[in-house]
Amino acid sequence: MIKISSWGNNLPARYMNSKNLTEQNYSKSIITEGSLVFGNGRSYGDVCFAKDLVIFSKDYNRIVTIDENTGIITCQSGLILHDLFKEIIPKGWFLPVVPGTQFITVGGAVANDIHGKNHHNKGSFGNHIIEILLLDSQNNTIKCSKNENYDLFKATVGGLGLTGVILEVKIQLIQLDNTYIEQNITPFYSFSEYLNLNKEFESDYEYTVAWVDFGSSVNTIKGIFISGNHSKKGDNLQYKQRRIRLFPFTPPLSLVNNLTVSILNKAYFLKNKKIKNSTVKINKFFFPLDLIHDWNKAYGKRGLIQYQFVLPLERVEESVSKIHKKIIESGIEPSLTVLKTFGDIHPEGYLSFPREGVTFAIDFPNKKSKLSNLLNELDKVVFRYGGALYPAKDIRMDKKMFVHSFPNLQQFLKSKDPKMNSKFFERIMRQN
Ligand SMILES: Cc1cc2nc3c(=O)[nH]c(=O)nc-3n(C[C@H](O)[C@H](O)[C@H](O)COP(=O)(O)OP(=O)(O)OC[C@H]3O[C@@H](n4cnc5c(N)ncnc54)[C@H](O)[C@@H]3O)c2cc1C
């Protein structure tokens, strides 16, 4: 039996039966009833917890082929993006879409159809996949792509690991001149100012994102708009990630509370409240949190909950002000809030989360029932305004919200493998 946890550390540790995916065993029947692949557990809740049998992909982590002229790469699904970068960045290549951490696997990037800071011009991860090689519970290895088994492809991209074991992924990389980003930082003092800045910056910048402070009253939203482009100056392709280990163990109580959050948010805003252009290292721009190893442990034994939703652009000022009001009224201060506007590039997956609109990813220390009341209230707003919740961050959405968030669920179910199952999916589907 093996103990697994996910990034939020918000669920009791699970002891599970497990198998390792290896080059020797993948053709044998490794999938049994209730199986699910565990990538690197960087999802925040139970989407990466198998119902009965965990299949670890960490040893299935090779680059299979790379064409250094075209940038087409095929890798095994257990490859961690950080290890991929160590190989491809010095050769002048990079992934077209990256999340806020490089410690996820290629399989995890596919199964949650992850998005990055460039959704407005590149869409999500699935938009750049050329082909997936999948193993199903009948022991078939199946190629799927836009040209072959397209339905299975659409079910597997963003398919939460439920269509089978993703073995290999072929993807088109983008070219990189060096490891720098030309960054602009601009403060804003209201949500409508954010929307205007976003409109202005989106056409000039490949990457845009904002850090938000909800403040202490309904009129006090402010933030820092961060945008960037790959630098054209120089040819330094060295790639190194420094990591600091601050938490050798999980403290019993959270170090993150209203007081520390308030101090840190104020300090961050003060540091960045002037418009500034600078050249920054690629990993500082994309993965600032990766500097501190296991930063999630700062939230203590109860962990953290990240609530990520997307709201349609129609009436977005109204819906966001309702969200804001409910957070202020609850008295719970989010520890980190990230805001991004998704563009209109259609995702490939039936269950892909990214869609046109405004997405907030809000971190909260796990305060059990008090937080749960707030999130139930936020759900009502997300539901009423036609928004959706992101399964990769979830431990609590109900079936009504899931069905509402993913209108293509029935098409997805036609390709779900009957033996693959997660705690997340079981929890959702057993409800009436
Ligand atoms: C600091 C931080 C920042 C983040 N930023 C972003 C962001 O900007 N954008 C974003 O979209 N997400 C973001 N995430 C979430 C993260 O990118 C996703 O949860 C991702 O799917 C985690 O990948 P993993 O390899 O750890 O997979 P896991 O969390 O272990 O698993 C995720 C899902 O992938 C499935 N899976 C994994 N490998 C396979 C395989 N070989 N075959 C079939 N299914 C498989 C699992 O079954 C599960 O359903 C962030 C997470 C953290 C901790």
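Higher on the page you've got the structure.
Residues numbered from 1 in each chain as written. Predicted model: local features only at pLDDT ≥ 70, side-chain atom pairs only at ≥ 80, totals over all residues. Heavy atoms only, no water.

**With respect to the pattern of salt bridges**
Which entries qualify depends on this criterion: Here, a salt bridge means any Lys or Arg side-chain nitrogen found within 4 Å of an Asp or Glu carboxyl oxygen. Helix numbering and strand numbering both begin at the N terminus, where a helix is a DSSP run of H or I of at least 4 residues and a strand a DSSP run of E of at least 2. With a 1.4 Å probe rolled over the protein chains alone, any residue whose accessible area is under 20% of its type maximum counts as buried; one over 50% counts as exposed, and the rest are partly exposed.
One pass over the structure, following the stated rule, counts 18 salt bridges. Ionic pairing is found between Asp177 and Lys232, a salt bridge with its closest N-O pair at 3.6 Å. On the criterion of sequence distance, the pair formed by Asp177 in the loop between strand E11 (174–175) and strand E12 (180–188) and Lys232 in the loop between strand E14 (222–230) and strand E15 (244–245) is long-range, its members being 55 residues apart. Across the pair Glu377 and Lys326 runs a salt bridge whose closest N-O atoms are separated by 2.9 Å. With a gap of 51 residues between them, Glu377 in helix H9 (residues 368–384) and Lys326 in helix H8 (residues 316–330) connect regions that are remote in the sequence. Of the residues examined, Glu377 reaches a relative accessible area of 28% and is grouped as partly exposed. We classify Lys326 as partly exposed; its relative accessible area is 23%. Salt bridges linked by common partners bring Asp46, Asp394 and Arg427 together as one network.

**So, the side chain of Arg427**
Inclusion rule: As used in this structure description, the phrase polar contact means that two N or O atoms lie within 3.5 Å; if the pair is within protein, one of them must be able to donate a hydrogen and the other to accept it, and residues adjacent in sequence are counted only when both atoms belong to side chains. The contact criterion used throughout is that any non-hydrogen atoms of two residues lie within 4.5 Å.
Within the fold, Arg427 resides in helix H12 (residues 423–429). Given the relative accessible area of 12%, Arg427 is considered buried. At 3.0 Å, the side chain of Arg427 forms a polar contact with the backbone oxygen of Met397. When sequence neighbours within four positions are dropped, the list of residues in contact with Arg427 reads Asp46, Asp394, Ile395, Arg396 and Met397.

**Let's talk about the site of the ligand**
Counted only if it meets this: Note on definitions. A residue lies near a molecule or strand when any single heavy atom of the residue is within 4 Å of it. Working definition of accessibility: Shrake-Rupley area with a 1.4 Å probe, residue cover restricted to the visible protein chains. The nonpolar class holds Ala, Val, Leu, Ile, Met, Phe, Trp, Tyr, Cys and Pro. Asp, Glu, Lys and Arg form the charged class, and all remaining residues, Gly among them, are polar.
For the ligand, the set of nearby residues contains 33 residues, the closest of which are Val37, Arg42, Ser43, Thr105 and Tyr390. For the ligand, an oxygen atom lies 2.7 Å from a polar atom in the side chain of Ser43. Between the ligand and the protein, one listed contact pairs a nitrogen atom with a backbone N or O atom of His115 at 2.8 Å. Protein contact buries 96% of the 970 Å² of open area that the ligand shows by itself. Where the shell around the ligand is concerned, the elements lending two or more residues are strand E3 (35–38), helix H2 (106–111) and strand E10 (165–172). Across the shell around the ligand, the residue classes break down as 17 nonpolar, 14 polar and 2 charged.

Everything listed here is a matter of coordinates, which is why it stays silent on function.
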